[in-house]
Amino acid sequence: MRRYLRVVGLCLACGFCSLLYAFSQLAVSLEEGAAGGRRPQAAAMVSWLADGERGGPGRGAGSAGSGRPGRCAGSSLCHWSPYWMLPSAVCGMNCFWEAAFRYSLETQPTEKMHLAVVACGERLEETVTMLKSALIFSIKPLQVHIFAEDQLHDSFKDRLDGWSFLQRFNYTLYPITFPRDSALEWKKLFKPCASQRLFLPLILKEVDSLLYVDTDILFLRPVDDIWSLLKKFNSTQIAAMAPEHEEPRIGWYNRFARHPYYGKTGVNSGVMLMNLTRMRRKYFKNDMTTARLQWGDILMPLLKKYKLNITWGDQDLLNIMFFHNPESLFVFPCQWNYRPDHCIYGSNCREAEEEGVFILHGNRGVYHDDKQPAFRAVYEALRNCSFEDDAVRSLLRPLELELQKTVHTYCGKTYKVFIKQLTKSIRNRYDTPPKER
């Protein structure tokens, strides 16, 4: 037994020595590769790290109390052993920590969030307002993918190029494209261009994850927060949506649908968080063939089978798909997709009552008519708001006054759900000192 333990100990020692050698070679290569090309910020941070190892900040070149004025003015040397004798004119840095720190600082990219929207017809202003609401609160960089009719491209460029001062925002414009042999059929399904969202996994092949939203969405909380739900997906989940209804007695799918749908009341696709990589790889169960089909192969057969039975177009197709593959869907609460249905007959979104609305969805054109003045008040406030900090801070009081004028409606009676989370978002983003943001 002792012999075996000795052998195991010897193997572990050899493995440890090998790792040390590998790290030392990596550190040397990084040191050589970074020579002369290190960014100023990285150099400053590495210098701070080295100073900290020698006894805290403020002990750099020529600092009082260093004992050797100008000692760090010369070259530096990467070392492993703290007992290594260095020349008096040379500063020492620990190879492992210095190399690891520089690697994380210089080679790890900042996570970028991807947002997609499809805009056709008279949806330019809605889309721009949606993007503004996303950018006002978001923290990480945002890459926006805008799928729009050709005649809208110049208008989008004119509006969005004026936001070039926003360093954390980039956008790409795409034409509306469908499979050539069925383009007209897909374009006329439900609203113009709405079914474009079904083809995003096939078009955006280089994008791993994506948040799709309708044009009539308003973010009252940072996009970062819904983006973080991707980390809550289990190994089988590929997408996330909210239920179509919370109250089955007023649900549409459970009362009128002539096709399969997810869960008790179906799901709404106006806000859809997607792991595109998993969607492209998955083989879906279906009721058309015993063979499982991938995303690109299942869409047209589904349309052919159910086109006479579906009312809400692409959303119905998604419901059918996740009816047969329920393990693939992550369902998030109604406050992430709050619609007039949640208050038109009385409040039925408990999460919004407790924490406020996170994402407002003004479907059925309620931003532009007088049917739901509470929704319109929020839309007008964000549409007219600029990106200046003071303008965003001053948004709340006028909005609350407008919402108080809507208490004659069911949605207006619960107007505080519209500003509860918005108040927190503004305070967190604009009233927090810079060092704490």
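Residues numbered from 1 in each chain as written. Predicted model: local features only at pLDDT ≥ 70, side-chain atom pairs only at ≥ 80, totals over all residues. Heavy atoms only, no water.

1. Digging into the overall build of the chain
So, step 1. Broken down by element type, the chain carries 18 helices and 11 strands.
So, step 2. Residues classed as buried in the chain amount to 48% of the 437 residues present.
So, step 3. Of all intrachain contacts in the chain linking residues separated by at least 6 positions in sequence, the fraction that spans at least 24 positions is 69%. (Helix = DSSP H or I, 4+ residues; strand = E, 2+ residues; numbered from the N terminus. Buried < 20%, exposed > 50% of the residue type's maximum accessible area, 1.4 Å probe, protein only. Contact = heavy atoms within 4.5 Å.)

2. Comments concerning the pattern of salt bridges
So, step 1. Counted according to the given criterion, the structure contains 21 salt bridges.
So, step 2. The partner of Arg383 in a salt bridge is Glu380, and the shortest N-O contact between them spans 2.8 Å. With Arg383 and Glu380 both in helix α14 (residues 373-384) and three residues apart, this pair spans about one turn of that helix.
So, step 3. Residues participating in the shared-partner salt-bridge network are Asp370, Arg376, Glu380 and Arg383. (Salt bridge = Lys/Arg side-chain N within 4 Å of Asp/Glu carboxyl O.)

3. What about helix α11 (residues 295-306)?
So, step 1. End to end, α11 covers 17 Å across 12 residues, agreeing with the expected 16 Å (1.5 Å per residue, within 8%).
So, step 2. Among all positions in α11, only Trp295, Ile298, Leu299, Leu302, Leu303 and Tyr306 are buried. Angular distribution of buried residues about the axis of α11 spans 130°; they occupy a single face of the element.
So, step 3. Check the buried side of α11 and you find it contacts α6 (183-187), α7 (200-203), α10 (276-281) and α12 (314-324). (Expected span 1.5 Å × (residues − 1). Arc of directions from axis to C-beta.)

4. As for the pairing of strand β9 (residues 267-275)
So, step 1. Summarising burial for β9: nine of the nine residues are buried, a large majority.
So, step 2. The pairing of strand β6 (residues 209-213) with β9 spans five bridges and is antiparallel. When the sheet's bridge partners are listed, Leu210 is paired in β9 with Met274.
So, step 3. Pairing between strand β8 (residues 239-243) and β9: four bridges, direction antiparallel. Residue pairing for β9: Pro243 is matched across the bridge by Val267. (Pairing = 2+ DSSP bridges.)

5. Concerning α12
So, step 1. Burial analysis of α12 places 10 of its 11 residues in the buried class, which makes it a mostly covered element.
So, step 2. Contacts from the buried residues of α12 go to α6, β8, α9 (253-256), β9, α11 and β10 (329-331).

6. Quick look at the sheet that holds β6
Pairing between the strands of a sheet is mediated by backbone hydrogen bonds and can be parallel or antiparallel.
So, step 1. Spatial strand order, β5-β4-β3-β6-β9-β8-β10: seven strands in an open sheet with mixed pairing. Each having just a single partner strand, β5 (169-174) and β10 make up the two edges of the open sheet. Going across the sheet, the axis of each strand differs from the next one's by a mean of 25°, ignoring polarity.
So, step 2. The sheet strands contacting helix α4 (residues 124-137) are β3 (113-119), β4 (142-148), β5 and β6, and the helix crosses β3 at an angle near 165°. (Axes fitted to C-alpha atoms, helices over the stretch in contact; angles between N-to-C directions.)

7. Observations concerning the packing of aromatic side chains
For any pair of aromatic rings, the description rests on two quantities: the centre-to-centre distance and the angle between the ring planes.
So, step 1. The full count for this structure, using the stated rule, is 18 aromatic pairs.
So, step 2. Pairing Trp186 with Phe199 gives two aromatic rings, centres 5.1 Å apart and planes at 85°, and the pair type is edge-to-face. Taken together, the residues Trp186 in helix α6 and Phe199 in the loop between α6 and α7 connect sequence positions 13 residues apart.
So, step 3. A relative accessible area of 6% places Phe199 in the buried class.
So, step 4. Joined through ring pairs, the aromatic side chains of Trp163, Phe165, Phe169, Tyr171 and Phe387 make up one cluster.
So, step 5. The positively charged end of Arg221 is found above the aromatic ring belonging to Phe358, 4.3 Å away from the centroid.
So, step 6. A cation over a ring is seen here: Arg429 above Tyr430, with NZ or CZ 6.0 Å from the ring centre. (Phe/Tyr/Trp six-rings, centres within 6.5 Å; stacked < 30°, edge-to-face > 60°. Lys NZ or Arg CZ within 6 Å of the ring centre and 35° of its normal.)

8. Quick notes on the state of the cysteines
In protein chemistry, a disulfide is the covalent bond that joins the sulfur atoms of two cysteines.
So, step 1. For the coordinates displayed, the defined rule picks out three disulfides.
So, step 2. Disulfide pairing is shown between Cys334 and Cys349; the S-S distance is 2.0 Å. Because the sign of the S-S torsion sets the handedness, a value of about 95° for the bond joining Cys334 and Cys349 places this disulfide among the right-handed ones. Linking Cys334 in the loop between β10 and α13 (350-355) with Cys349 in the loop between β10 and α13, this pair joins segments that are 15 residues apart in sequence. The same class applies to Cys334 as to Cys349, namely buried.
So, step 3. The disulfide bridge from Cys343 ends at Cys411, spanning 1.9 Å between sulfur atoms. Disulfide Cys343-Cys411: torsion about the S-S bond near 85°, hence right-handed. Remark: Cys411 occurs in helix α17 (residues 410-413) and Cys343 occurs in the loop between β10 and α13; sequence separation between them is 68 residues.
So, step 4. A residue is classified by how much of its surface remains accessible, and Cys343, at 0% relative accessible area, is buried. (Disulfide = S-S within 2.5 Å.)

9. Description of the packing of α4 against helix α5 (residues 153-160)
So, step 1. One can describe the packing of α4 onto α5 by two numbers: an axis separation of 11 Å at closest approach and a directional angle of 35°. The element α4 and its partner α5 pack so that their crossing is right-handed. Where α4 abuts α5, its residues Leu124, Glu125, Thr127, Val128 and Leu131 lie against Ser155, Phe156, Arg159 and Leu160.
So, step 2. Considering only residue class, the contact of α4 with α5 consists of five nonpolar, two polar and two charged. (Left-handed = near helix turned anticlockwise from the far one by under 90°. Nonpolar A, V, L, I, M, F, W, Y, C, P; charged D, E, K, R; others polar.)

10. Some details on the environment of Pro248
So, step 1. Along the chain, Pro248 falls in the loop between β8 and α9.
So, step 2. Not counting residues within four places of it along the chain, the set of residues in contact with Pro248 comprises Asn254, Arg255 and Thr265.

11. Some points on the pairing of β8
So, step 1. When you tally the buried positions in β8, you get five out of five residues, the bulk of the element.
So, step 2. As defined by bridge partners, β8 adjoins β10 across three bridges and the pair is classed as parallel. Bridge pairing in β10 places Met241 opposite Val331.

12. Examining the nonpolar core
So, step 1. Among the nonpolar cores identified, the biggest contains 75 residues, and Leu115, Phe156, Leu211, Phe219, Tyr338, Leu360 and Phe418 are the most heavily contacted of them.
So, step 2. The leading source of residues in this core is α4, at eight residues.
So, step 3. Core analysis: the next-biggest nonpolar cluster, separate from the first, contains 41 residues, Cys120, Phe199, Tyr212 and Leu293 among them. (Core = buried A, V, L, I, M, F, W, Y, C linked by side-chain atoms within 4.5 Å.)

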